[in-house]
Amino acid sequence: MDYGLMSFGSALGEPAAVADTVREYTEDVERVLEYGYRNIHRCPDAVGLTDLAEEAARAALAESGTDPGELDLVVLAITDIPEYLYWDPAAALQARLGAHRAEAVLVSQGCVGGITCFDLLAGRFATRPEYQRALVIGANRTCEAYWNRMETHSLLFSDGAGAAVAGRGHPRLRWRAGEVISDGRYADLFLLEEGGAADPFRGGEQPGTARDAWDLMEFFEYDADRFEAFVDLMNDRVRDVVTQACKRIGASVSDLSRVVLLNDNIGTLTKVADRLGVPLERTNADISLERGHFGAADHLLNLQHHLASGHLGEGDLIALAGMGRGMHWGCTLIES
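Residues numbered from 1 in each chain as written. Predicted model: local features only at pLDDT ≥ 70, side-chain atom pairs only at ≥ 80, totals over all residues. Heavy atoms only, no water.

Undergrad: Outline the overall build of the chain, listing residues and values.
TA: For the chain, the count of helices and strands is 10 helices and 11 strands. Here the C-alpha radius of gyration of the chain, 19 Å, is about what a compact globule of 336 residues would show, namely 20 Å. Taking the principal axes of the C-alpha coordinates as reference, the chain spans close to 50 × 45 × 40 Å. Across the 336 residues that make up the chain, the buried fraction comes to 53%. Summarising the internal contacts of the chain: among those between residues at least 6 apart in sequence, 77% fall at separations of at least 24. By element, 48% of the accessible surface of the chain is carried by carbon and sulfur atoms, the whole surface being about 14100 Å². (Helix = DSSP H or I, 4+ residues; strand = E, 2+ residues; numbered from the N terminus. Rg over C-alpha atoms; globule rule 2.2 N^0.38 Å. Buried < 20%, exposed > 50% of the residue type's maximum accessible area, 1.4 Å probe, protein only. Contact = heavy atoms within 4.5 Å. Areas by Shrake-Rupley, 256 points an atom, 1.4 Å probe, with all protein chains shown as cover.)

In structure tokens, the structure reads:
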């Protein structure tokens, strides 16, 4: 399906140096510093996920001269939980923007949602010939009541949103192909045990927290070899989805001008680049360490950065690739 990205917008929390703030989150300071991140971005308590999404969306709409009333589709990809339970932030965002004639869709597949949303756009454009213009947003607002942005995972989480306006037939930054692998055997790796229908919140109880790095080992019965095998599988499957996406258009990984990955730590980025046979400088490694991990917003924000920095030439083939809880691995190919 022929569509391209017309404009971008972003909204970031305030930057904070990791070295200055790490002790607010963990006593395991050396481990966190070894990840290589220089900064994260944090929002004050009053700023919610939908606030960030709206700010980024309005910037993208303004850049392309798109009135919200022209939109046929609004897609919001999120990582953490939104402001409320039993609530659709995509529909709320549609209303806040005034995009009242647009279909609103929520994507909640963790960090990979910022990749799979492009396939969703392709599907809607293919099956709804009347759709001409869409807005896609990736947003992350770390819910610190349940999630420690520096200790829960080996990525340091930042607050922010990235948005893009997509137009049918637009000749630049064209969507070319997508690929996804899902493996539900690992669905229980990342979860918050309290609060769902299986164990609802009870008044007066201290809320639980999402699994942290050590809790993940419980899933593998504290077997370091099994855990390391899973880490290898995660990285191998990023390579696999990139390879398969390239095959869909008769290309190979060597044809890629740039591979945009999650804003992961320097160790993981190096391993994934090595598996792909791509030099680290052709990834987003530097911007990752400078900004932190924005969950489902990573790829939109990084694509905007690479475009604005002059890293993308006409006809370049760019892979947006990564993974998310579920587990899911995804890749989208964009031609500049």
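Undergrad: Can you lay out the nonpolar core for me, pointing to particular residues and giving the numbers?
TA: Core analysis: the biggest nonpolar cluster contains 34 residues, and Val242, Leu256, Met327, Cys331 and Leu333 have the highest contact counts within it. When contributions to this core are tallied by element, the ones reaching two or more residues are α7 (224-248), α8 (266-276), β10 (317-324) and β11 (328-335). Tallying contributions element by element places α7 first for this core, with eight residues. Non-local contacts of Val242, meaning those with residues more than four positions away in its chain, are made with Val253, Leu256, Leu276, Ala319, Ala321 and Cys331. Ranked by size, the runner-up nonpolar core spans 28 residues in total, among them Phe8, Leu73, Leu121 and Ala296. (Core = buried A, V, L, I, M, F, W, Y, C linked by side-chain atoms within 4.5 Å.)

Undergrad: Tell me about unusual backbone geometry, residues and numbers included.
TA: With an omega of -10°, the peptide bond running from Gly326 to Met327 counts as cis. Along the polypeptide, Met327 turns up in the loop between β10 and β11. Its identity is not glycine, yet Tyr86 carries a phi of approximately 55°, on the positive side. Tracing the chain through its elements places Tyr86 in the loop between β4 (73-78) and α4 (89-97). In this structure, Leu173 takes a positive phi of about 50° despite not being glycine. Relative to the helices and strands, Leu173 resides in the loop between β7 (160-168) and β8 (174-182). Note on Leu173: relative accessible area 3%, which makes it buried.

Undergrad: So what about empty space enclosed by the protein? Which residues, and what values?
TA: On inspection of all chains with the given rule, the structure shows one cavity of 30 Å³ or more. Empty space within the largest cavity amounts to approximately 70 Å³. Lining the largest cavity, in full, are Val238, Leu261, Leu262, Asp264, Thr268, Leu269, Val272, Ala321, Gly322 and Met323. The set of elements that each furnish at least two residues to the lining of the largest cavity consists of α8 and β10. Of the residues in the lining of the largest cavity, the class split is seven nonpolar, two polar and one charged. (1 Å grid on protein atoms, 1.4 Å probe; cavity = no way out; pocket = protein on both sides within 12 Å on 5 of 7 lines; lining within 4 Å. Points joined across faces, edges and corners; volume = space filled by probe spheres on them. Nonpolar A, V, L, I, M, F, W, Y, C, P; charged D, E, K, R; others polar.)

Undergrad: Lay out helix α5 (residues 113-127) in plain terms, naming residues and giving numbers.
TA: Compared with an ideal rise of 1.5 Å per residue, which puts 15 residues at 21 Å, α5 spans 21 Å between its outermost C-alpha atoms and is within 8% of the ideal. Residues of α5 that are buried include every one of Gly113, Gly114, Ile115, Thr116, Cys117, Phe118, Leu121, Ala122 and Phe125, and no others. (Expected span 1.5 Å × (residues − 1).)

Undergrad: Please provide a residue-by-residue account of the layout of surface pockets, values included.
TA: By volume, the second largest pocket amounts to about 240 Å³. Lining the second largest pocket, in full, are Asp45, Ala46, Val47, Gly48, Leu49, Ile81, Pro82, Glu83, Arg141, Thr142, Cys143 and Glu144. A class-by-class count of the residues in the lining of the second largest pocket yields six nonpolar, two polar and four charged.

Undergrad: Can you explain α8? Please cite residues and give values.
TA: Of the positions making up α8, those classed as buried are Thr268, Leu269, Val272, Ala273 and Leu276. Down the axis of α8, the buried set is contained in an arc of 130°. They therefore lie on one face. Against α7, β9 (258-260) and α9 (285-291) lie the buried residues of α8. For α8, the capping residue at the N-terminal end is Asn265, with a side-chain oxygen 3.0 Å from the backbone nitrogen of Gly267. Immediately downstream of α8, the backbone of Gly277 shows phi near 70°, a positive value. (Arc of directions from axis to C-beta. Polar contact = N/O pair within 3.5 Å; in protein donor to acceptor, adjacent residues only side chain to side chain.)

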